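# Descriptive analysis of the structure
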Amino acid sequence: MNSMENSEKDSEIEKLTKILSTIQNLYYKKKEQIDELQVEISELKNVLNYLNSMVSSKSFHSADEIYHKALDQINTVPMNELFKEEIQKDNLKGSSIKRKIFSKDDQELLCVLKFIDFNLVIIKFTNPSKNPIRETSEDFINIFLRGALIKIKEKNPDLKLNYKYFKDTDIIENIEISNLKSINDYDLITSKIKQLLTP
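Residues numbered from 1 in each chain as written. Predicted model: local features only at pLDDT ≥ 70, side-chain atom pairs only at ≥ 80, totals over all residues. Heavy atoms only, no water.

### Looking at the side chain of Asn-174
Applied cut-off: Here a helix means four or more residues in a row that DSSP labels H or I, a strand means two or more in a row labelled E, and each is numbered from the N terminus. Residue contacts are counted whenever heavy atoms from the two residues lie within 4.5 Å of one another.
Secondary-structure assignment places Asn-174 in strand 5 (residues 172–178). Apart from the residues lying within four places of it in its own chain, the contact partners of Asn-174 are Ile-122, Ile-123, Lys-124, Asn-162, Tyr-163 and Lys-164.

So, in structure tokens, the structure goes:
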């Protein structure tokens, strides 16, 4: 076999290795998503079982009464109140919305954001030493602070910000934002973190 054939064979093996690596990464990413969905499904099933047991323990008359009371409450609330973005905080205890940000080629998980109880946002950078984010960097100030937090703070002066640093460095590992009151603000924070990490 001559050197040209060897080189072509090496090139094919390299291509196949890259394809294998990509498919493996996709497989593990999808498997992780399935695992998360199974946990959510299990939680929903528990809630459904609980609600079913409550409904079955009541007579049809009671359920009918509850239904009509709920209808009456809806009818007495002005239409614009039904579509208000703000939701009663007591109803949101225990809620969590998780989002992940991957590199542009979808090969690396860069960051996980959690919105807990519609109040606290935790932003965790998964590999801070490889993709360092610093509080004093121009991009961080322009994209994240000015692009998101300062705008939110103008509407919501109770907003609080806290950093946790990676080991003994000035590299940010976690950002905690408390007293956030809006899903739209969480969307803005998510988009600006994505812009910061995948310019």
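### Considerations on unusual backbone geometry
The line we're drawing: The classification of residues rests on relative accessible area computed with a 1.4 Å probe and restricted to protein chains. Under 20% of the type maximum is buried, over 50% is exposed, and intermediate values are partly exposed.
The phi torsion at Asp-117 lies on the positive side, around 55°, for a residue other than glycine. Topologically, Asp-117 is positioned in the loop between strand 2 (109–116) and strand 3 (120–125). Phi at Phe-118 is positive, roughly 50°, even though this residue is not glycine. The topology assignment puts Phe-118 in the loop between strand 2 and strand 3. The class of Phe-118 is buried, set by a relative accessible area of 16%.

### Description of helix 5 (residues 183–197)
An α-helical segment advances 3.6 residues per turn. Residues three or four places apart therefore align on the same side. Put simply, the rule reads: Here the expected length of a helix is defined as 1.5 Å per residue gap, with one fewer gap than residues. What qualifies as a polar contact is a pair of N or O atoms within 3.5 Å, subject to a donor-acceptor requirement within protein and to the restriction that residues adjacent in sequence count only when both atoms come from side chains.
The end-to-end C-alpha distance of helix 5, which contains 15 residues, comes to 21 Å, matching closely the 21 Å that a straight helix rising 1.5 Å per residue would cover. Residues of helix 5 that are buried include every one of Asp-185, Tyr-186, Ile-189, Thr-190, Lys-192, Ile-193, Leu-196 and Leu-197, and no others. Looking at the buried residues of helix 5, the elements they touch are strand 1 (96–102), strand 2, strand 3, helix 4 (138–155) and strand 5. Here helix 5 starts with a cap whose side-chain oxygen sits 3.0 Å from the backbone nitrogen of Asn-184, and that cap is Ser-182.

### Concerning the packing of aromatic side chains
Rules: Only Phe, Tyr and Trp rings take part, Trp by its six-membered ring, and two of them pair if their centres are within 6.5 Å. Stacked means planes under 30 degrees apart, edge-to-face means over 60, and tilted covers everything else. We call a charge positioned above a ring when the Lys NZ or Arg CZ atom is no farther than 6 Å from the ring centre and deviates by at most 35 degrees from the ring normal.
As enumerated under the stated definition, the model contains five aromatic pairs in all. Taking 5.1 Å as the distance between ring centres and 40° as the angle between the ring planes, the aromatic pair formed by Phe-115 and Phe-118 counts as tilted. Summarising the aromatic geometry, the rings of Phe-140 and Phe-144 are spaced 5.3 Å apart at their centres and angled 40° between planes, so their arrangement reads as tilted. Highlighted residues: Phe-140 and Phe-144, both in helix 4, separated by four residues, approximately one helical turn. Three or more aromatic residues joined by ring pairs make a cluster, and in this case those are Phe-140, Phe-144, Tyr-163 and Tyr-165. The residue whose ring lies beneath Lys-29 is Phe-102, and the NZ or CZ to ring-centre distance is 4.1 Å.

Function-wise, these values are silent; they only describe arrangement.
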